[in-house]
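# Notes for the structure review
Spelled out from the first residue to the last, the chains are:
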Amino acid sequence: MRPTLALALVAVLAAAGCSGAGGGSSDGGDGKSITVLMVGNPQMEDLAKVTAENFTKETGIEVRFTILPENELRDKVTQDVATQGGQYDVATIGAYEAPIWSKNGWLHELSSYADADTGYDKADLLPPMVTSLSGEDGKLYAAPFYGESSFLMYNKELFAAKGLTMPERPTWQQVAQFAAQLDDEKAGVSGICLRGLPGWGELFAPLTTVVNTFGGTWFEKDWTPKVNAPEFVAATKFYVDLVREHGTPGAPQAGFTECLNTFGQGKAAMWYDATSAAGTLEDASASTVAGKVGYAYAPVDKTKSSGWLWAWALAMPKTTKHADAAWKFISWATGKEYERLVGSSLGWSRVPAGKRQSTYAIPEYQQSAAAFADLTLKSIQEADPKNPGMQPRPALGVQFVGIPEFADLGTKVSQEVSAAIAGSTTVEKALTDGQKLAEEVAKENR
């Protein structure tokens with residue numbers, strides 16, 4: 001959950017066209033210009049780079065981008081979409097928001113557009129992505145730009161220098177042992193980088209997967225909150241201790257982007273995070289560890305697997321007056337030909353993968369992504385948002401709870417856990433306070 005970049009960029013660029021027209025809404029304007037709000041990660045930045053010379057050149061539709069870090073994006077898009085502000089024609093949302101916002105009637109359904117667009121090939125989209133971005137009516141409400149699970153990335157040179165071997169499916173206990181052995185303050189290398197930045201989609205993206213595999217859960221099936229239960233406490237204490245003892249400097253302010261930069265510059269021996277990070281790490285122009293990274297399944301404790309499931313996707317707010325033009329952009333940006341454009345012009349490791357089956361049949365992509373493509377696909381397929389842990393859950397979600405209240409709950413508890421990483425409070429106090437918040441959420445959902 002993806003990636004953030006500390007960047008606020010407004011660019012006037014443009015984009016390329018798949019044929020596509022679709023169902024039911026008119027432009028209500030000239031359709032020659034659309035506004036797009038995107039999360040600031042490398043794949044989205046690539047989209048901004050290639051839009052003008054491709055999409056706009058072919059369609060005549062100008063695209064005005066606003067690109068924001070993940071936490072800022074969530075605030076901005078929620079404010080605009082929830083209040084029907086109508087500022088954006090296309091917005092980046094995730095697997096958490098799509099089902100909830102579709103139920104609220106805030107988004108255009110995209111199934112009719114995708115079905116009418118002969119060049120789009122909706123059937124090629126990976127089923128877990130379609131499921132996570134669909135509403136209760138079974139219709140698609142956001143088109144996946146890329147999909148991801150999570151896995152463990154490690155510096156093979158550092159492991160070899162210490163004579164260490166990473167298992168294909170490591171346990172968290174093994175990861176902690178490796179971190180202790182590889183931590184080298186004199187060389188400026190930390191044992192591991194893990195997110196400590198507050199945010200339900202920042203710190204609690206990886207941490208909730210640790211909670212799951214340690215046997216914990218936010219809520220039991222009947223909405224009994226379990227935030228201060230022994231399993232949740234043990235998982236959180238393990239995570240906080242690991243970061244404090246062998247994590248990177250400034251961990252309470254480290255999110256996806258910071259860890260991407262740290263690990264990509266060879267300053268951390270391991271990094272547990274999104275599978276989508278691999279493309280950037282294998283790009284020699286952006287990473288000093290390209291060709292030196294090993295990949296393993298998400299670490300476990302009590303469960304067989306623990307990787308998360310996420311998609312960054314492009315959605316169309318109900319308020320857009322340029323629906324047909326917006327779909328043309330969405331169709332182009334999430335279509336097969338866009339992936340080939342990125343591969344041929346920017347490099348095959350930078351393809352926004354994890355959303356289409358056909359991606360994994362492209363010879364150039366197979367060759368470029370050989371180190372991580374198969375593991376990424378298998379991790380996505382293994383992720384189970386219905387049963388991500390040791391007990392039944394009341395709502396969908398691996399690394400989040402699929403209810404509107406979780407954004408506030410997860411963020412508030414993450415602030416306390418981040419403070420524990422910083423040493424200004426304890427895990428026990430953080431989760432005792434979190435339990436009280438969870439009890440209020442439980443009352444609203446029982």
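Here the structure is a predicted model, which is why all the values come from computation and not from measurement.

Definitions and cut-offs
Residues numbered from 1 in each chain as written. Predicted model: local features only at pLDDT ≥ 70, side-chain atom pairs only at ≥ 80, totals over all residues. Heavy atoms only, no water. 1 Å grid on protein atoms, 1.4 Å probe; cavity = no way out; pocket = protein on both sides within 12 Å on 5 of 7 lines; lining within 4 Å. Points joined across faces, edges and corners; volume = space filled by probe spheres on them. Helix = DSSP H or I, 4+ residues; strand = E, 2+ residues; numbered from the N terminus. Nonpolar A, V, L, I, M, F, W, Y, C, P; charged D, E, K, R; others polar. Phe/Tyr/Trp six-rings, centres within 6.5 Å; stacked < 30°, edge-to-face > 60°. Buried < 20%, exposed > 50% of the residue type's maximum accessible area, 1.4 Å probe, protein only. Lys NZ or Arg CZ within 6 Å of the ring centre and 35° of its normal. pLDDT = per-residue confidence, 0-100. Contact = heavy atoms within 4.5 Å. Expected span 1.5 Å × (residues − 1). Arc of directions from axis to C-beta. Axes fitted to C-alpha atoms, helices over the stretch in contact; angles between N-to-C directions. Parallel < 35°, antiparallel > 145°, perpendicular 65-115°, else oblique. Left-handed = near helix turned anticlockwise from the far one by under 90°. Pairing = 2+ DSSP bridges.

Counted as a void, the largest pocket has a volume near 470 Å³. Every residue lining the largest pocket is counted, 22 residues in all, and those nearest its centre are Pro-99, Ile-100, Ser-134, Leu-396 and Gly-402. Going through the elements one at a time, α3 (97-103) and α5 (127-132) are the ones with two or more residues in the lining of the largest pocket. Broken down by class, the residue content of the lining of the largest pocket amounts to twelve nonpolar, eight polar and two charged. Put simply, the second largest pocket is a space of about 350 Å³. Along the walls of the second largest pocket sit 16 residues, with Arg-74, Thr-78, Tyr-96, Trp-200 and Ala-407 positioned nearest its centre. When residues of the lining of the second largest pocket are traced back to their parent elements, those giving at least two are α2 (70-82), α3 and α16 (406-422). The greatest single-element share of the lining of the second largest pocket, amounting to four residues, is contributed by α2. Of the residues assigned to the lining of the second largest pocket, the class counts are eight nonpolar, five polar and three charged.

What follows concerns the packing of aromatic side chains. Tallied over the entire structure, the rule returns 33 aromatic pairs. Both rings, one in Phe-151 and one in Tyr-295, keep their centres 5.1 Å apart while their planes meet at 45°; by these two values the pair is tilted. Of this pair, Phe-151 sits in strand β6 (residues 150-155) while Tyr-295 sits in strand β8 (residues 293-297), placing them 144 residues apart in sequence. Plain terms: the ring middles of Trp-200 and Trp-310 are 6.2 Å apart, the flat faces sit at 70° to each other, and that makes the pair edge-to-face. With Trp-200 in the loop between α7 (172-182) and α8 (204-213) and Trp-310 in strand β9 (residues 310-315), this residue pair connects regions lying 110 residues apart in the sequence. Assigned by exposure class, Trp-200 and Trp-310 land together as buried. Site record: aromatic cluster; members linked through ring pairs are Tyr-96, Trp-200, Phe-204, Trp-218, Phe-232, Trp-310, Trp-312, Phe-400 and Phe-406. Residue placement shows Arg-169 over the ring face of Tyr-297; its charged tip is 3.7 Å from the ring centre. Above the plane of the ring of Tyr-120 lies Arg-356, whose end atom (NZ or CZ) is 4.8 Å from the centre.

Of the residues in the chain, 93% reach a pLDDT of 70 or more, and the chain-wide mean stands at 91. Low pLDDT, under 50, characterises residues 2-29; the stretch is placed with 125 contacts to residues that sit more than four places away or in other chains.

Counted at 1.5 Å a residue, the expected span for helix α17 (residues 427-445) with its 19 residues is 27 Å, and the 26 Å between its end C-alpha atoms agrees. Among the residues of α17, those classed as buried are Val-427, Ala-430, Leu-431, Gly-434, Gln-435, Ala-438, Val-441 and Ala-442. Seen from one end, α17 has its buried residues packed into an arc of 140°, which puts them on one side. Of the exposed residues in α17, the ones pointing more than 90 degrees away from its buried face are Lys-436 and Lys-443. Buried residues in α17 make contact with α9 (230-246) and α16.

This paragraph deals with the packing of α7 against α9. Two packed helices can be described by the angle between their axes and the distance between those axes. The geometry of α7 relative to α9 is characterised by a closest axis approach of 10 Å and an angle of 15° between their N-to-C directions. Judged on the interaxial angle alone, α9 and α7 are roughly parallel. Read as a crossing pair, α7 and α9 show a hand that is left-handed. Two secondary-structure elements touch here, α7 through Trp-172, Gln-173, Ala-176, Ala-179 and Ala-180 and α9 through Phe-238, Leu-242 and His-246. Considered class by class, the residues forming the contact of α7 with α9 number six nonpolar, two polar and no charged.

Of note, the phi angle at Gln-84 is positive, near 60°, even though the residue is not glycine. In this structure, Gln-84 sits in the loop between α2 and β4 (90-94). Backbone geometry at Trp-223 places phi at a positive 75°, although glycine is not the residue there. Locating Trp-223 in the fold gives a position in the loop between α8 and α9. For Trp-223, a relative accessible area of 10% translates into the label buried.

For the rest of this paragraph, the subject is the sheet that holds strand β7 (residues 270-274). Strand order in this open sheet of three strands is β7-β6-β8, and the pairing throughout is antiparallel. Of all strands in the sheet, those with a lone pairing partner are β7 and β8, marking the two edges. Each adjacent strand pair in this sheet contributes to an overall mean axis angle of 30°, direction not counted. With five bridges connecting them, β6 and β8 associate as antiparallel partners. Bridge pairing in β8 places Phe-151 opposite Tyr-297.

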